Amino acid sequence: MLSGLRRILSSPNFLQSSIPLESVHYVSTLTHYARLFRPLFFLYTTEIYYSSCLYRLLLTSKRFHKYFISRVKYLCTLVPVLSNLAQANMSISDFRRKKLKYVFNVFFDVNHSGNIDRKDFEIAIQQVCTMRGWNESSSNFKQIKDRMMAIWDGLQQSADDDQDGQISLDEWCSMWEAFARNPENASEWQNSYMDLMFDIIDTSGDGCIDENEFCAVCDHYGISRQESSAAYKKFSNSGAVNVTRPVFHSYWREYFSSDDENAPGNFIFGKISFD
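On a predicted model such as this, the values are computed, not experimentally measured, just so you know. (Residues numbered from 1 in each chain as written. Predicted model: local features only at pLDDT ≥ 70, side-chain atom pairs only at ≥ 80, totals over all residues. Heavy atoms only, no water.)

Considering all chains together, one arrives at two cavities of 30 Å³ or more under this definition. A volume near 340 Å³ is recorded for the largest cavity. If you list the elements that add at least two residues to the lining of the largest cavity, you get α6 (94-108), α7 (118-132), α8 (139-159), α10 (188-201) and α11 (211-220). Here the lining of the largest cavity is composed, by residue class, of 20 nonpolar, one polar and one charged. (1 Å grid on protein atoms, 1.4 Å probe; cavity = no way out; pocket = protein on both sides within 12 Å on 5 of 7 lines; lining within 4 Å. Points joined across faces, edges and corners; volume = space filled by probe spheres on them. Helix = DSSP H or I, 4+ residues; strand = E, 2+ residues; numbered from the N terminus. Nonpolar A, V, L, I, M, F, W, Y, C, P; charged D, E, K, R; others polar.)

What follows is the structure, encoded as structure tokens:
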């Protein structure tokens, strides 16, 4: 089908038609992305292909011409999105992708839909407040709700490339790949998420995360006490490092940007292996 599309696009009769050459160029480009994203493009490229075959016969139909061009223009809008996703997914190492997928599945996609959306954050707010014993009428509940919904708004703005109201795993990885190029220049929502994580774990509010606090939160997310305890010992150097907010910040950036499998930041989500 793709080779047939290229033949149609390069034929003299087609190029002499009234379709703008810019659109022809973009449709040709889309055949390349169709190889990488075949499930997404199958229906659209099939539609363009058969429309191309019929174009010369139906050239007199202004309605068909308008429809054909509208489909081409729509596909053109997807080119930069797919280009970014392709580039990001080719550059992320297998190890870092496993780390990103773990956080995506365990801490963000809480309803296990395969995507992150607003509903996941609404559920997460309830879970966090239940864990901390805060009812909906408390000031703590409202504060957590406001902070988490602001994080969702920032995440959606940063990662929802196709603007469908949800974040796919590929969009998630693409966003964190951009972050990894300059971890010290995190966006506002990423800094807010980093601080929220620390505040949720530091239940005593003493400005330092201890092993019991860390393991208690990991328990809530289904991580065994044995594994979370081992993870804490790794990033705290068996308790020799006081995990203050600045230390946690450095570990957090390390988790999302480092390919070093021995980096202490790899363990702040309670996992000791990403096989």
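At a minimum axis separation of 10 Å, α7 and α8 run at an interaxial angle of 150 degrees. With respect to their mutual orientation, α7 and α8 come out roughly antiparallel. In this structure, α7 meets α8 at a crossing whose hand is right-handed. Together, Arg-118, Phe-121, Ala-124, Ile-125, Gln-126, Val-128 and Cys-129 of α7 and Phe-141, Ile-144, Lys-145, Met-148, Met-149, Ile-151, Trp-152, Asp-153 and Leu-155 of α8 make up the contact between the two elements. For the contact of α7 with α8, the per-class residue count stands at twelve nonpolar, one polar and three charged. (Axes fitted to C-alpha atoms, helices over the stretch in contact; angles between N-to-C directions. Parallel < 35°, antiparallel > 145°, perpendicular 65-115°, else oblique. Left-handed = near helix turned anticlockwise from the far one by under 90°. Contact = heavy atoms within 4.5 Å.)

Time to look at the nonpolar core. Among the nonpolar cores identified, the biggest contains 56 residues, and Val-103, Leu-155, Trp-172, Tyr-193, Trp-252, Phe-256 and Phe-269 are the most heavily contacted of them. Among the secondary structure elements, those contributing two or more residues to this core are α6, α7, α8, α9 (169-180), α10, α11, α12 (225-235) and α13 (245-257). In this structure, Trp-252 is in contact with Trp-176, Phe-179, Gln-190, Tyr-193, Met-194, Met-197 and Ile-268, ignoring residues within four places of it in sequence. (Core = buried A, V, L, I, M, F, W, Y, C linked by side-chain atoms within 4.5 Å. Buried < 20%, exposed > 50% of the residue type's maximum accessible area, 1.4 Å probe, protein only.)

Another aspect to go through is the pattern of salt bridges. Counted by the stated rule, this structure contains twelve salt bridges. One salt bridge connects Arg-96 with Glu-177, and the closest N-O pair in it is separated by 2.9 Å. One end of the pair, Arg-96, is in helix α6; the other, Glu-177, is in helix α9, with 81 residues separating them in the sequence. By the burial criterion, Arg-96 is buried, and Glu-177 matches it. Between Asp-146 and Lys-142 there is a salt bridge, with its nearest N and O atoms 2.9 Å apart. (Salt bridge = Lys/Arg side-chain N within 4 Å of Asp/Glu carboxyl O.)

This part is about α6. With 15 residues, α6 should reach 21 Å at 1.5 Å per residue; the first-to-last C-alpha distance of 20 Å fits that figure. When α6 is considered as a whole, its buried residues turn out to be Phe-95, Arg-96, Lys-99, Leu-100, Tyr-102, Val-103, Phe-104, Phe-107 and Phe-108. (Expected span 1.5 Å × (residues − 1).)

Look at α8: 30 Å from first C-alpha to last across 21 residues, which is about the 30 Å you get at 1.5 Å a residue. For α8, the set of buried residues is Phe-141, Ile-144, Met-148, Met-149, Ile-151, Trp-152, Gly-154, Leu-155 and Ala-159. Contacts made by the buried residues of α8 are with α6, β1 (116-117), α7, β2 (166-167), α9 and α10.

Its location among the elements puts Ile-151 in helix α8. For the pair Ile-151 and Phe-121, spaced 30 residues apart in the sequence, the C-alpha separation amounts to 9.0 Å. Ile-151 has contacts with Phe-121, Trp-189, Ser-192, Tyr-193 and Leu-196, leaving out every residue within four places of it along the chain.

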